[in-house]
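# Inside the fold
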Amino acid sequence: MAKIIALANQKGGVGKTTTSVNLSAALAGMNCRVLLVDSDPQGNATSGFGINKSALQQTIYDVLINGTESKYVLQQTNFGVTVMPSNINLAGAEVELVTAMARENKLKNALAPLRESFDYIIIDCPPSLGLLTVNALNAADSIIIPIQCEFYALEGVSQLMKTVEIVKSNLNPALKVEGIVMTMFDVRTNLSRQVVEEVKNIFAELLYKTVIPRSIRLSEAPGFGKPITAYAPGSKSAEIYFSLAKEVIERGK
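Each chain carries its own residue numbering, running from 1 in the written order of its sequence. With the structure being a predicted model, the display of local features is reserved for residues of pLDDT at least 70 and the display and counting of side-chain atom pairs for 80 or more, all residues being used for whole-chain, interface and lining totals. Hydrogens are left out, water is left out, and the side-chain values use all remaining heavy atoms of the structure.

## What to know about the packing of aromatic side chains
Short version of the rule: For Phe, Tyr and Trp, where Trp contributes only its six-membered ring, two rings pair if their centres lie within 6.5 Å, and the inter-plane angle classes them as stacked under 30 degrees, edge-to-face over 60, or tilted in between. Only DSSP runs of H or I reaching four residues or more are called helices, and only runs of E reaching two or more are called strands; each is numbered from the N terminus. Only protein chains enter the accessibility calculation, which uses a 1.4 Å probe; a residue is then buried when its area is under 20% of its type maximum, exposed when over 50%, and partly exposed in between. Cation placement over rings: the criterion is NZ of Lys or CZ of Arg within 6 Å of the ring centroid and within 35° of the ring normal.
Taken as a whole and assessed by the stated rule, the structure comprises two aromatic pairs. With 6.0 Å between their ring centres and 45° between their planes, Phe49 and Phe79 make a pair best called tilted. With a gap of 30 residues between them, Phe49 in the loop between α2 (44–47) and α3 (60–66) and Phe79 in the loop between β3 (75–76) and β4 (81–84) connect regions that are remote in the sequence. Taking the relative accessible area as the measure of exposure, Phe49 reaches 3% and is therefore buried. Seen from their ring centres, Phe224 and Tyr231 are 5.0 Å apart, and the 25° between their planes marks the pair as stacked. In this structure Phe224 comes out as exposed when scored by relative accessible area, which is 56%. The partly exposed category is assigned to Tyr231, whose relative accessible area is 24%. A cation sits over an aromatic face here: Arg251 above Tyr208, 4.0 Å from the ring centre.

Dropping the structure here:
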């Protein structure tokens, strides 16, 4: 039975998709069966695995809006990860879901038949707190929050936490915060270290020991349609994502 983890932060540019893609690849590299659900209309997690999002016949949009069975939209990749892909069509889903029956349950119901086939289902959420993110939080067992090591790091996290509490109260009482991962750490600056300390003081045991640094290779990998574990398998960045994957597995136990 798959554990479903949503990666969410309504603040854009925090490394959410990068973490979704590379954590999924690292888990797959550790012999886990992994499904990555791309719930972001930008479709960057889809292209991050080398899938041509503009050529797709069916995507997560068809699952959520047209009732297409999930299994018919899944894409196999060369990296051991199965992807439920997305493209710009999903942008319209936010509006179309407003009038849908049981609108918050669409993704949860779609993933239910797939849970036996995977060990982990990772959901890459859009940078907003709309219905797509609410669907992800309702479907998930837990949430990982990426926070960038920058001045406004905690901006918006309190709002996300409020949304998590609302979802727990009204839809998914079992939802919990799995952990917080610091991203875009710059070893050259005191600011990065200060931000990590600040987050540690506030969230304590929720913070993963693994910190994701800034990396040129990590930035290059999506342009080649590969996760870092395949683009630069011997790199420090690849090692770090395997380290994060180990922590995720350990916390799950």
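## Some words on the pairing of β4
Note the threshold: Strand pairing is assigned whenever DSSP identifies at least 2 bridges connecting the two strands.
Residues Val81 and Val83 point to one face of β4 and Thr82 and Met84 to the other, with burial holding for every one of them. With four bridges joining them, strand β2 (residues 34–38) and β4 adopt parallel strand pairing. Along β4, the bridge assignment pairs Leu36 with Val83. Turn length for the β3-β4 hairpin, with the two strands adjacent in sequence and antiparallel, is four residues, and the turn residue Gly80 shows positive phi of about 80°.

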